[in-house]
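# Analysis of the macromolecular model
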Amino acid sequence: MQIIVDKNVACTMRDGTVLYADIYRPNEDGEFPVLLTRLPYSKDLPYYSHRYLDTNRLVENGYIVIIQDVRGRFQSEGEFIPFMDEANDGYDTVEWAASLPYSSGKVGMFGLSYYGFTQLLAASKRPPSLEAIFPAQTLSDQRHGNFYYHGAFGLGGSETWVLESIAPDLIKRKHKDPDLYHKKMKQLATSCDYIEEWYRHKPIKEYLPLKELDVADYFFNQLEREIDDESWLETSVADKYDQMNVPAYHLGGWYDSLLGSTIENYIGMAAKADGDTARKNQKFIIGPWAHGDFGSVIGDRKFGSHASEDWIDHKEDLTTLHIRWFDYWLKGKNPQILEEAPVKIFVMGVNQWRNEKEWPLARTSYVPYYLHSRGNANTRAGDGEISTKKPGTEPEDNFVYNPENPVPSNGGGTLYDGINTTGPHDQRELEDREDVLVYSTGQLQEQVEVTGPIKVKLWASTNAKDTDFAAKLVDVMPDGTAFNLTDGIVRARYRNGYVPEADLNGEVTQYEIDLWATSNVFLPGHQIRVEISSSNFPRFDTNLNTGKTMMNSTKTKKANQTIYHNEKYPSHIILPVIP
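Cut-off values and rules
- Residues numbered from 1 in each chain as written.
- Predicted model: local features only at pLDDT ≥ 70, side-chain atom pairs only at ≥ 80, totals over all residues.
- Heavy atoms only, no water.
- Helix = DSSP H or I, 4+ residues; strand = E, 2+ residues; numbered from the N terminus.
- Rg over C-alpha atoms; globule rule 2.2 N^0.38 Å.
- Buried < 20%, exposed > 50% of the residue type's maximum accessible area, 1.4 Å probe, protein only.
- Domains from an automatic or database assignment.
- Contact = heavy atoms within 4.5 Å.
- Buried area = accessible area lost by both parts, 1.4 Å probe.
- Salt bridge = Lys/Arg side-chain N within 4 Å of Asp/Glu carboxyl O.
- Polar contact = N/O pair within 3.5 Å; in protein donor to acceptor, adjacent residues only side chain to side chain.
- Nonpolar A, V, L, I, M, F, W, Y, C, P; charged D, E, K, R; others polar.
- Pairing = 2+ DSSP bridges.
- Core = buried A, V, L, I, M, F, W, Y, C linked by side-chain atoms within 4.5 Å.
- Patch = residues over 30% accessible without salt bridge, like charges linked within 9 Å, V, L, I, M, F, W, Y side chains within 5 Å.
- Areas by Shrake-Rupley, 256 points an atom, 1.4 Å probe, with all protein chains shown as cover.
- Lys, Arg positive; Asp, Glu negative; His and termini not counted.
- Charge placed at Lys NZ, Arg CZ, Asp CG, Glu CD.

Going by an unreviewed UniProt entry, the protein carries the name Xaa-Pro dipeptidyl-peptidase C-terminal domain-containing protein and comes from Virgibacillus phasianinus.

Structure representation (structure tokens):
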């Protein structure tokens, strides 16, 4: 089949702003349904605009593919403020696409990350021609694991994104003088080369790599907004699931930086979407993947060729899955996809795909594994243990958290410095630090499957006004290699939600640390391990322990942290064990 490509096709928004799209369509007579994606990374770059999908195959299977630069990016007019205009612009673009002379009038949307969120925001406005979506690894609310994570600032991802992905085009748009443009681009390149050093820069509100470029004012405006500011809801869908009326196929990864919000979107739409058709036709697939990385090797672990986007479960690739999904909703073909299980997960450890009827799994047994020690759980050489036995009278564990020497990020759902930092990595070097408490089971005699949401209930005290507590779930191999599975952090000031609490006063306080979810079989001979610390940098900013933050202060203070595990304060991790 020959493919016609129409470049830079204008689409006028309701306020007169013109956005531009590239249109790929079959060189055949007739009308075809549209598959639309809207992104800020340039429609002209195949890596970003096509990413994990073969858009030529989409066209060859009878679809028009439209890739649009969002407002204020590359060819499109207007000012770029992340997510702010995507709901209305998405609505207008969907209806424009449906009205094209070669369109059948039915539109689907696809894409990951930012262009997964443009789908959900558009869906919240209910464009009549939007029939189905396929959001991958995307947001629900910028405070749910993107810009913030339970009060901690997503430093590495936020600073990397604005410098590497957003600033170059903004520089080109603003600095028209060739000499000034080249000067700014040289400054940007130098900052990117030394970005790991810039992560430590404080206060962030004076972030020099961006200040000297004189672009992306939105970044600093966001820093000034309090977490409980209602304006965050303007770019959230977490409160809008009941306004959506489209079937959706959600795609996630166990090591994705947006796993928590992707799961939230699936659960929210399955429970609250408007109408039985929408609610009953939410599907979900989670692989062992990282953000935008759907290979069979993630981090330092190999999960088998059947784990990759090219050969899921030895059956199909992601492009074929998209085609089958949209074939039904936009063409009325292949109803078999509706009969398939709504949830498909990759179970690590045994490295197998499995179909499930719901999420979380109904047969889950939520088992508390309690922290134990004789007061010396520091490092993996310490005496920390976890077990299902409730604690009695036990001494506390203590460590000193120094914001000037935080625990480094080492894998997980990171989103900075490419894919080198993501996924499972050996944690033993971090577990040799005195400011990391390590609690492990003995070597398992039988396998234990952990699949579902994971939380840590922690009782702790500190001499700081405000501080952080972080936790990590680890699978320890028989040879001692310790691979991280999932992790989380909570800022004490925001332990109860978006409204900040008063300064701490040294009292024992309960914290809940959300580790999102995983699916892993701990095999015989392995150990289940939990790490407790107060930092995960630069994935999250360091808490200065002074009541102020890296946003607006440079002064730091060491904090004496005490973790309790006794009959009154039974600190534990809740593992979703599958019988």
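## Overview of the overall build of the protein
Scanning the protein from terminus to terminus reveals 13 helices and 25 strands. For 579 residues, the compact-globule formula gives about 25 Å, and the C-alpha radius of gyration of the protein, at 24 Å, lands near that figure. Seen along its three principal axes, the alpha-carbon backbone of the protein occupies a region of about 80 × 55 × 40 Å. For the protein, the proportion of its 579 residues judged to be buried stands at 61%.

## Here's the deal with the domain arrangement of the protein
Along its sequence, the protein is carved into domain 1 (3-144 + 233-356), domain 2 (152-226) and domain 3 (365-578). Distance between the C-alpha centres of domain 1 and domain 3: 34 Å. Counting residues at the interface gives 26 residues for domain 1, matched by 24 residues for domain 3. Looking only at domain 1, the three residues that lose the most surface to domain 3 are Tyr-255, Ser-257 and Arg-301, adding up to 28% of its buried area. Counting across the domain 1 and domain 3 interface gives one salt bridge. For Arg-354, the salt bridge goes to Glu-449, with nearest N and O atoms at 2.6 Å. Where domain 1 touches domain 3, the interface holds seven residue pairs in polar contact (both at pLDDT 80 or more). Counting residues per element, the ones that place at least two in the side of domain 1 that touches domain 3 are β9 (248-255), α10 (259-272) and β13 (343-347). Per-class residue counts for the side of domain 1 that touches domain 3 are 13 nonpolar, six polar and seven charged.

## Some thoughts on the pairing of β13
Burial analysis of β13 places five of its five residues in the buried class, the great majority of the element. Burial of the side chains of β13 extends over both faces: Val-343, Ile-345 and Val-347 are buried on one face and Lys-344 and Phe-346 on the other. Strand direction decides the pairing type here: strand β10 (residues 282-290) and β13, joined by three bridges, are parallel. From the neighbouring strand, Ile-285 faces β13, where its bridge partner is Lys-344. Judged from the five bridges that link them, β13 and strand β14 (residues 352-356) form a sheet pairing that is antiparallel. The partner of Val-343 across the bridge, within β14, is Glu-356. Between β13 and β14, which follow one another and run antiparallel, lie four residues, and Gly-349 among them has a positive phi close to 90°.

## A word on the nonpolar core
Ranked by internal contacts, the top residues of the largest apolar core, which has 166 residues, are Ile-66, Leu-210, Phe-219, Trp-254, Leu-473, Ile-532 and Ile-563. Apart from residues lying up to four places away in sequence, Ile-563 is in contact with Leu-371, Glu-396, Asp-397, Phe-399, Leu-437, Tyr-439, Leu-458, Trp-459, Ala-460, Phe-469, Ile-532 and Ser-571.

## Describing a positive patch on the surface
Taken together, Lys-205, Lys-465, Lys-548, Lys-555 and Lys-557 make up a surface patch of like positive charges. With respect to the helices and strands, the residue Lys-557 is situated in the loop between β23 (527-533) and β24 (559-564). Residue Lys-557 is classed as partly exposed on the basis of its relative accessible area of 39%.

## Some words on the pattern of salt bridges
Pairing between side chains of opposite charge can happen when their charged atoms approach one another. This structure, assessed with the given rule, holds 41 salt bridges. One salt bridge connects Lys-43 with Asp-22, and the closest N-O pair in it is separated by 3.0 Å. With Lys-43 in the loop between β3 (32-39) and α1 (46-49) and Asp-22 in strand β2 (residues 18-26), this pair connects stretches of sequence that are 21 residues apart. Asp-22 shares its class with Lys-43; the two are buried. We note a salt bridge from Lys-174 to Asp-214, for which the minimum N-O separation is 3.0 Å. In this pair, Lys-174 is assigned in helix α5 (residues 155-174) and Asp-214 in the loop between α8 (208-211) and α9 (217-224), connecting sequence segments 40 residues apart. On the basis of relative accessible area, Asp-214 is assigned to the partly exposed category, the value being 39%. What you see here is one network of salt bridges that share partners, running through Lys-7, Asp-22, Lys-43 and Asp-44.

## Describing the side chain of Asp-22
Residue class for Asp-22 comes out buried when judged on its relative accessible area of 0%. A polar side-chain atom of Asp-22 sits 2.5 Å from a polar atom in the side chain of Lys-7. Side-chain polar atoms of Asp-22 contact the backbone nitrogen of Asn-8, separated by 3.0 Å. Those residues in contact with Asp-22 that sit more than four places away from it in its chain are Asp-6, Lys-7, Asn-8, Lys-43, Asp-44, Val-65, Ile-66 and Ile-67.

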